[in-house]
Amino acid sequence: VERQDGRPFRQRLLVVANRLPVSAVRRGEDSWSLEISAGGLVTALLGVKEFEAKWIGWAGVNVPDEIGQRALTKALAEKRCIPVFLDEEIVHQYYNGYCNNILWPLFHYLGLPQEDRLATTRSFQSQFAAYKKANQMFADVVNKHYVEGDVVWCHDYHLMFLPKCLKEYNSNMKVGWFLHTPFPSSEIHRTLPSRSELLRSVLAADLVGFHTYDYARHFVSACTRILGLEGTPEGVEDQGRLTRVAAFPIGIDADRFIRALETHPVQEHIKELKERFAGRKVMLGVDRLDMIKGIPQKILAFEKFLEENPDWHDKVVLLQIAVPTRTDVPEYQKLTSQVHEIVGRINGRFGTLTAVPIHHLDRSLDFYKLCALYAVTDVALVTSLRDGMNLVSYEFVACQDAKKGVLILSEFAGAAQSLGAGAILVNPWNIIEVAASIAQALNMQPDEREKRHRHNFLHVTTHTAQEWAETFVSELNDTVVEAQLRTRQ
Ligand code: ADP
Ligand code: G6P
């Protein structure tokens, strides 16, 4: 479709995700301030610009009163965001419970909660009921704002029930669903008590997308083995209706990072960091403080490296920036204490009166400070035990065109498939191997660093978030047209 000036109409898009790109903080009865939310999903979607997009999601805060809800709705509207209000009990059972204590660990191969993490079977069922209820609340808001022709793009494991709810409202709605985490082997998925119901609801979408071909393949085998449906090269077929399933590897808005490096605040931060760590090589970890990120494994590997390389003791520092996340879930609380304990022990063991080997910060850094850190880093360490993609590795590469630092990357991150040729790939469970990779990275010669960096930089700057979204949305439009043609035949 074209406008009179020859340019295509911008596709109207309703982006539905549990978390809005901004989180709200209450400042008064009817006043709110909005802060950018952390996480890969938000980072990627903020890089998507060429659409007439509106966001529907939760603002990360409980707003029980009408005055507050009205004021927040207004403040969010300026950011093209539409809130879904979830009360405390729903957040507890749906977000902390079913999403982050059940689906998230399961999809990352950490298994279902044992008795101690999940009191009774009844509580599993009530969490699933809350999950469905929350998904229905998202569907109600989408339905209210939907205009014919809109593409509705649902995101992530929080909203697996949403495609079904939306199609029940309107079977002509164009619905896509994209998973930002791994989809596990069907042998793992089949342990989930609500396995079939969730698969069937996702299949109500027209197009289902994953970061890698492997995740898409796992999803199709779950549908064939668990639901007994037919898997085809195109997707999954159920009584003549096809749900298209494919891989759409995500990217970042690399130019935003490259441009930021030239700005005054980033240059100032770079200068400060260089002075602060003069004479030492800088290693960097940037993660949400999540068990899937392998933070204890990373720090233990660094300890092993120090143990085996006394010459490096005062010549290297590890900066681990870990933003707290999902802090109401007990597993995350345990992880925080575990990480603090290990860092304290290692700093006690290898620190001197003037320097410690690990600087661990439990906090989020603003964009400019983050860019500066990426730029001064010699070696970045990404040791995820499993990770849908891992955009931190992309951001690091985008900021390294001057320095050409080395990326050590877990083979269990989706990014290993795209940045594998430039990075040193490791199995994060193998502490000895990671320690050896740290030595290899710190001693790597400039020509090899240059060669590896070139490969990764080319990938990160050409496979952007914008391109990812355009490909997904155009494939969704094509899928719907093809389905209409098929039913007419
Ligand atoms: P995930 O989606 O699991 O959070 P990703 O690596 O894909 O993992 O994305 C994480 C995003 O959150 C990145 O954009 C990264 O810059 C941001 N982020 C993570 N930790 C921090 C931090 N401590 N401070 C600022 N931003 C962070
Ligand atoms: C991952 C998930 C996102 C989520 C983000 C932050 O990237 O795929 O859906 O938004 O983590 O987690 P949170 O629970 O704070 O939204």
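Residues numbered from 1 in each chain as written. Chains lettered and ligands numbered in written order. Predicted model: local features only at pLDDT ≥ 70, side-chain atom pairs only at ≥ 80, totals over all residues.

Draft legend 1. Looking closely at the overall build of the protein. Counting its secondary structure elements, the protein contains 18 helices and 17 strands. The C-alpha atoms of the protein give a radius of gyration of 23 Å, which matches the 23 Å a tight globule of 489 residues would have. With the C-alpha coordinates of the protein rotated into their principal frame, the extents come out at 70 × 60 × 55 Å. Classification of the 489 residues of the protein by burial places 46% in the buried group. Across the protein, the fraction of contacts at a sequence separation of at least 24, relative to all contacts at a separation of at least 6, is 76%. (Helix = DSSP H or I, 4+ residues; strand = E, 2+ residues; numbered from the N terminus. Rg over C-alpha atoms; globule rule 2.2 N^0.38 Å. Buried ≥ 20, exposed ≤ 12 C-beta atoms within 10 Å, placed from the backbone. Contact = placed C-beta atoms within 7 Å.)

Draft legend 2. Representation of the site of ligand 2. The environment of ligand 2 is made up of Arg19, Gly39, Gly40, Leu41, Asp156, His180, Thr181, Thr325 and Arg326. A per-class count over the shell around ligand 2 returns one nonpolar, five polar and three charged. (Near = placed C-beta within 6 Å. Nonpolar A, V, L, I, M, F, W, Y, C, P; charged D, E, K, R; others polar.)

Draft legend 3. Spotlight on the site of ligand 1. Around ligand 1, 17 residues are found, and the nearest of them are Gly40, Thr43, Val323, Leu391 and Val392. Of all the elements in the fold, those that place two or more residues in the shell around ligand 1 are α1 (40–46), β12 (281–288), β13 (316–323) and α14 (391–398). Here the shell around ligand 1 is composed, by residue class, of nine nonpolar, five polar and three charged.

Draft legend 4. Main features of the sheet that holds strand β9 (residues 230–232). Sheet architecture is open: nine strands sit in the order β5-β4-β1-β6-β7-β8-β11-β10-β9, paired in mixed fashion. Lying at the two open borders of the sheet, with one neighbouring strand each, are β5 (81–83) and β9. Neighbour-to-neighbour, the strand axes of the sheet open up by a mean angle of 20°, direction not taken into account. Inspection of the sheet shows β9 paired to strand β10 (residues 235–238) by three bridges, in the antiparallel sense. When the bridges of β10 are listed, Gly231 appears paired with Val236. (Pairing = 2+ DSSP bridges. Axes fitted to C-alpha atoms, helices over the stretch in contact; angles between N-to-C directions.)

Draft legend 5. Here's a closer look at the nonpolar core. Of all hydrophobic cores here, the largest spans 146 residues; its most connected members are Val16, Val152, Phe219 and Ile408. Among the elements that take part in this core, helix α3 (residues 88–107) stands out by supplying nine residues, more than any other. Setting aside chain neighbours within four positions, we find Ile408 in contact with Val379, Ala380, Leu381, Val382, Ala423, Ile424, Val426, Ser437, Ile438 and Ala441. (Core = buried A, V, L, I, M, F, W, Y, C linked by C-beta atoms within 7 Å.)

Draft legend 6. Region of interest: the confidence of the model for the protein. Residues with a pLDDT of 70 or more make up 97% of the protein, whose mean pLDDT is 94. Both scores are available for the predicted complex, with the pTM at 0.96 and the ipTM at 0.99. (pLDDT = per-residue confidence, 0-100.)

Draft legend 7. Examining helix α16 (residues 431–442) more closely. Spanning twelve residues, α16 covers 17 Å between terminal C-alpha atoms, matching the ideal 16 Å at 1.5 Å per step. The elements touched by buried residues of α16 are α11 (295–308), β15 (379–382), β16 (406–410) and β17 (424–426). (Expected span 1.5 Å × (residues − 1).)

Draft legend 8. Representation of the sheet that holds β15 within the structure. On the basis of which strands lie adjacent, the open sheet formed by six strands has the order β14-β13-β12-β15-β16-β17 and parallel pairing. Because the sheet does not close on itself, it has two edges, and the strands there are β14 (358–361) and β17. For this sheet, the mean angle separating the axes of adjacent strands, direction not counted, is 20°. Judged from the eight bridges that link them, β12 and β13 form a sheet pairing that is parallel. Residue pairing across strands places Val286 opposite Ile321, the latter belonging to β13.

Draft legend 9. Just the pairing of β12, in detail. A large share of β12 lies buried, amounting to six of its eight residues. Viewed along the sheet, the connection from β12 through α11 into β13 turns out right-handed. Strand direction decides the pairing type here: β12 and β15, joined by two bridges, are parallel. By the bridge assignment for β15, Met283 is matched with Val379. (Right-handed = clockwise from strand over helix to strand, strands pointing away.)

Draft legend 10. Geometry of the pairing of strand β11 (residues 241–247). Here strand β8 (residues 207–210) pairs with β11 via four bridges, running parallel. Bridge pairing in β11 links Gly209 to Ala246. Joining the antiparallel neighbours β10 and β11 is a turn of two residues, in which Gln239 adopts a positive phi near 45°.

Draft legend 11. Layout of unusual backbone geometry. Here the phi dihedral of Asn390 falls at roughly 85°; this positive angle occurs in a residue that is not glycine. Considering the arrangement of structural elements, one finds Asn390 in the loop between β15 and α14.

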